[in-house]
Structure formats: C-alpha cells, structure tokens
Amino acid sequence: MPENNDVPETPESPPSPTRIRSEKSRPSAFWILAGLILPVMNLAARYEIIDAHKFPRSGAFVFSPNHYSEIDPVVMGVVAWKLGRLPRFLAKASVFKIPVIGWVLTKSGQIPVQRGGSVRGSEPVKAAQRLVEKGQIVVVYPEGSLTRDPELWPMRGKTGAVRIALEQGIPIVPAAHWGTQKLMPRYSKKISLFPRKTITVKIGDPLDLSQFRGRSLDTATLNEATAVVMVAITALLEDLRGEKAPVKRWNPSEHNQKETGRFEA
C-alpha cells in the first residue's frame, strides 16, 4: 500500500500523458496544516483510493463526499492533498473567531457559512467566485450534516453543492468513503488511533448537470439536481460496502430529528 503522497491507482486507470504541477508544491498555509495533520493521520490510517484518475488535477470543481463522522473533513482533506489538490471547505462562521484556528482557516481559504449550512449569503458566493477564478476546489457535503441514517447511508441532500456548481458553471465530482467510522464513530469525541485502520475512498465521474443549466435556480430545480448528486454518492458507497442502500433515503424531518446538532449520545 503506497504511503504518504503516493496514490494507489486501480488497474484500469489510464496513464497521465502530461504531468500537472501539484497545487501543494506551492508554499501556503496548507504546509502548516499538512505538517501538523499528516503524520497523525498516516499513522492512524492507510488510504485506498479507487479511481483516483477521475479526480481532476486542475481546474475548479465541487467535491461532494458522503458524511457520517466528525473527522470526515480531515480524512477528505488528506485524500485531496494526496491527490495533489488543496481542499477548501465550507466551515461554520463561528469557528473563524477562534484565535489561531481562525487565522489558519482564513489563510488557507476556507469559506465561512452561517449556522445551518446556508450558502446563500454574500461571503460564500464571493468565495466561490474566487475559487473559480483561481481554478481551485471546494469540498461541500450535500447532506449538510452527519447522516441521521441508522446504518450510515447517505440521507436526504441539501442544495448547497449544486447551487455553487450551477451558479459558477463548474462540475461536481461525487465521492464515497468507508472505514472512517472505525477511526472516529459518529458523534464520538475520541479518535481510535490503534490498530491502524483502512479507509477506502471511491471517486466518481464528474456529474453532468447540463440539463439544469440555464434554468431558474428555484427550489424544484435545486432539489432535482441535488437528487442526482445523492444517487451518485449512494451508488459509490454501495460499491464500497457491497450492499444495497435503503430504497427510501432517510429524511430527518420525517423522524422528528433536528437538521443540525447531535441527536444521540
């Protein structure tokens, strides 16, 4: 199993005709984050990345994985780094007010959003525009919060990811990961470092949202496009788990669950 910056490719992965300079080769605040986080995360887990060639090595796009552990952003950040890209996330605006942490988040280009995961405010829109201008990526969890599904299947999606993609004219690349729950179970406050875990990630094909472009971005359009994203993410996770997801996607409102916050100990 390749370690550190080596990326395992599937046998069918085509050879790259030209070498694209990795974003992480340029000095940035990410070097600080990588120096602090990578040693621990590489010690705690090995990463098997399936279809890594589908992950764009350049250009702006929305990266949309499933979400079931509070350490997911760190895991997917490590994956993006290993694939040569610098991950930008939508993060709670309140976190940016924390000394040192807030500075690092700002310097690394993370995007503040208000409670509830809204991306309708002016700052997220401006930040998304800057990402596109610079050819960068943004990681957006379509579920908006940790899945409430009892078996950790993707639940209903929210429209933030597709809104950014459609407004900015950039693709969405879906992904699924499995094994992170062994590193840090849903809502757990502890990380299990030993024994070393294996986290498997599968990258999907960029989604074709052309049928939605040019349409009014009303609720119906955004929900329809979001359903396409959730179907793709769920299919990837089914492949990883070797199981079929429930026919009906979990919806917190149908189970008297809040949209945000913890709902179990």
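Notes on the structure in this doc start here.

What counts, and where the lines are drawn
Residues numbered from 1 in each chain as written. Predicted model: local features only at pLDDT ≥ 70, side-chain atom pairs only at ≥ 80, totals over all residues. Heavy atoms only, no water. Axes fitted to C-alpha atoms, helices over the stretch in contact; angles between N-to-C directions. Helix = DSSP H or I, 4+ residues; strand = E, 2+ residues; numbered from the N terminus. Parallel < 35°, antiparallel > 145°, perpendicular 65-115°, else oblique. Contact = heavy atoms within 4.5 Å. Nonpolar A, V, L, I, M, F, W, Y, C, P; charged D, E, K, R; others polar. Buried < 20%, exposed > 50% of the residue type's maximum accessible area, 1.4 Å probe, protein only. Polar contact = N/O pair within 3.5 Å; in protein donor to acceptor, adjacent residues only side chain to side chain. Salt bridge = Lys/Arg side-chain N within 4 Å of Asp/Glu carboxyl O. Phe/Tyr/Trp six-rings, centres within 6.5 Å; stacked < 30°, edge-to-face > 60°. Lys NZ or Arg CZ within 6 Å of the ring centre and 35° of its normal.

### Quick word on the packing of helix H1 (residues 29-44) against helix H2 (residues 72-82)
Contact pair H1 / H2: the axes reach a minimum separation of 11 Å and the direction vectors enclose 110°. Classified by the interaxial angle, the pair formed by H1 and H2 is roughly perpendicular. Contacts between H1 and H2 involve Phe30, Trp31, Ala34, Ile37, Leu38, Met41 and Asn42 from the first element and Val74, Val75, Val78, Trp81 and Lys82 from the second. For the contact of H1 with H2, a count of residues per class yields 10 nonpolar, one polar and one charged.

### Overview of the side chain of Arg85
Along the polypeptide, Arg85 turns up in the loop between H2 and strand E3 (87-92). Since its relative accessible area comes to 0%, Arg85 is described here as buried. A polar atom in the side chain of Arg85 sits 3.0 Å from the backbone oxygen of Gly59. Reaching out from Arg85, the side chain makes a polar contact with the backbone oxygen of Gly135 at a distance of 2.9 Å. Discounting residues that sit within four places of it in the chain, Arg85 has contacts with Glu23, Phe55, Pro56, Arg57, Ser58, Gly59, Phe61, Ala80, Gly135, Gln136 and Ile137.

### Some remarks on unusual backbone geometry
The omega torsion of the bond from Phe194 to Pro195 falls at -5°, within 30 degrees of zero and hence cis. Within the element layout of this structure, Pro195 appears in the loop between helix H6 (180-183) and strand E7 (197-203). Phi at Leu152 takes a positive value of approximately 70°, unusual for a residue other than glycine. Relative to the elements of secondary structure, Leu152 occurs in the loop between strand E5 (137-139) and helix H5 (160-168). For Leu152, a relative accessible area of 14% gives the class buried.

### Concerning the environment of Tyr187
Residue placement: Tyr187 occurs in the loop between H6 and E7. For Tyr187, a relative accessible area of 5% translates into the label buried. When the C-alpha positions of Tyr187 and Leu146 are compared, they lie 8.6 Å apart, and in sequence the two are 41 residues distant. Reaching out from Tyr187, the side chain makes a polar contact with the side chain of Arg148 at a distance of 2.7 Å.

### Overview of the pattern of salt bridges
Applying the stated criterion across every chain yields a total of nine salt bridges. One salt bridge in this structure joins Lys54 and Asp205, with 3.5 Å as the shortest N-O distance. In this pair, Lys54 is assigned in the loop between strand E1 (45-50) and strand E2 (61-64) and Asp205 in the loop between E7 and helix H7 (219-241), connecting sequence segments 151 residues apart. Look at Lys54 and you get partly exposed, because its relative accessible area is 23%. In this structure, the salt-bridge partner of Glu167 is Arg163, at a minimum N-O distance of 3.3 Å. One end of the pair is Glu167 and the other is Arg163, both in helix H5 and four residues apart, which spans about a single turn.

### Here's the deal with the packing of aromatic side chains
This model, assessed by the stated rule, comprises four aromatic pairs. Both rings, one in Phe61 and one in Phe63, keep their centres 6.4 Å apart while their planes meet at 80°; by these two values the pair is edge-to-face. Here Phe61 matches Phe63 in class, with each residue buried. Among the aromatic residues, those joined into a cluster by ring pairs are Phe55, Phe61 and Phe63. Over the aromatic face of Trp178 sits the side chain of Arg241, whose NZ or CZ is 4.2 Å from the ring centroid.

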